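Okay, here's what each chain looks like letter by letter:
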Amino acid sequence: MGIKTTSDYVKFYVNLDIQGKVSLLSFIHNEKMVLKQKLENKKLDKEPIINGIKILEDLIEELKKDGEFKVLEKYNR
């Protein structure tokens, strides 16, 4: 898994150039769903996937607390 930090997830979202079409929160929820599906694959190393889910859960909480604008500003430097 190439994304290992909260900043990586935010930068990935920004680089997709989908702001205004898909909110960061929706994007994060979709990413979390994809990772949960990957957990079902017995051949994949589970630890990076679990770490990714944890990062996304923390990011969701931060988005709820601070809002999308502040989170984007904080991590997209």
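The structure we're discussing is the one just above.
None of these values were measured; they are calculated from a predicted model.

Examining the overall build of the protein chain
A tally of helices and strands in the protein chain yields 4 helices and 0 strands. When the helices and strands of the protein chain are listed from N to C terminus, the series reads α-α-α-α. Computed over its C-alpha atoms, the radius of gyration of the protein chain comes to 12 Å, within 12% of the 11 Å expected for a compact globule of 77 residues. Along the longest, intermediate and shortest principal axes, the C-alpha atoms of the protein chain span 40 × 20 × 20 Å. Here the protein chain, with 77 residues, has 32% of them falling under the buried criterion. For the protein chain, the proportion of contacts with a sequence separation of at least 24, taken over those separated by at least 6, is 58%.

Some remarks on the packing of helix H1 (residues 6-15) against helix H2 (residues 24-39)
With their axes 11 Å apart at the nearest point, H1 and H2 run at an angle of 115 degrees to one another. When the axis of H1 is compared with that of H2, the two are roughly perpendicular. Seen from above, H1 lies across H2 with right-handed handedness. Contact with H1, carried on its side by Tyr9, Phe12 and Tyr13, involves Leu24, Phe27, Glu31 and Leu35 of H2 and no other residues of that element. The class makeup of the residues in the contact of H1 with H2 is 6 nonpolar, no polar and 1 charged.

Here we look at the nonpolar core
Of all hydrophobic cores here, the largest spans 19 residues; its most connected members are Tyr9, Val10, Leu24, Ile28, Leu59 and Val71. Residue assignment for this core shows that the elements contributing at least two residues are H1, H2, helix H3 (46-66) and helix H4 (68-75). When residues in this core are grouped by element, the largest group, 7 residues, is from H3. Excluding residues within four positions of it along the chain, leucine 59 makes contact with Thr6, Tyr9, Val10, Ile28, Val71 and Tyr75.

Here's the deal with the packing of H1 against H3
Following both chains from N to C, one finds H1 and H3 inclined at 75 degrees, their axes separated by 9 Å at the closest point. Judged by the angle between their axes, H1 and H3 are roughly perpendicular. Across the interface between the two elements, Thr6, Tyr9 and Val10 from H1 touch Gly52, Ile55, Leu56 and Leu59 from H3.

Points about the environment of threonine 5
Relative to the assigned elements, threonine 5 resides in the segment before H1. Taking C-alpha positions, threonine 5 is 9.2 Å from asparagine 51, a pair spaced 46 residues apart along the chain.

A word on the packing of aromatic side chains
Both the distance between ring centres and the angle between the ring planes are used here to describe each pair of aromatic rings. Under the counting rule described, the total for this entry stands at 2 aromatic pairs. A centroid spacing of 5.8 Å and a plane angle of 55 degrees characterise the contact between phenylalanine 12 and phenylalanine 27, whose relative ring orientation is tilted. With phenylalanine 12 in helix H1 and phenylalanine 27 in helix H2, the pair connects residues that are 15 residues apart, well separated along the chain. Judged by relative accessible area, which is 35%, phenylalanine 12 ranks as partly exposed. Plain terms: the ring middles of tyrosine 13 and phenylalanine 27 are 5.3 Å apart, the flat faces sit at 45 degrees to each other, and that makes the pair tilted. Note that tyrosine 13 is positioned in helix H1 and phenylalanine 27 in helix H2, a separation of 14 residues in sequence. Like phenylalanine 27, tyrosine 13 is buried. Connected via pairs of aromatic rings, a cluster forms that spans Phe12, Tyr13 and Phe27.

Conventions adopted
Residues numbered from 1 in each chain as written. Predicted model: local features only at pLDDT ≥ 70, side-chain atom pairs only at ≥ 80, totals over all residues. Heavy atoms only, no water. Helix = DSSP H or I, 4+ residues; strand = E, 2+ residues; numbered from the N terminus. Rg over C-alpha atoms; globule rule 2.2 N^0.38 Å. Buried < 20%, exposed > 50% of the residue type's maximum accessible area, 1.4 Å probe, protein only. Contact = heavy atoms within 4.5 Å. Axes fitted to C-alpha atoms, helices over the stretch in contact; angles between N-to-C directions. Parallel < 35°, antiparallel > 145°, perpendicular 65-115°, else oblique. Left-handed = near helix turned anticlockwise from the far one by under 90°. Nonpolar A, V, L, I, M, F, W, Y, C, P; charged D, E, K, R; others polar. Core = buried A, V, L, I, M, F, W, Y, C linked by side-chain atoms within 4.5 Å. Phe/Tyr/Trp six-rings, centres within 6.5 Å; stacked < 30°, edge-to-face > 60°.

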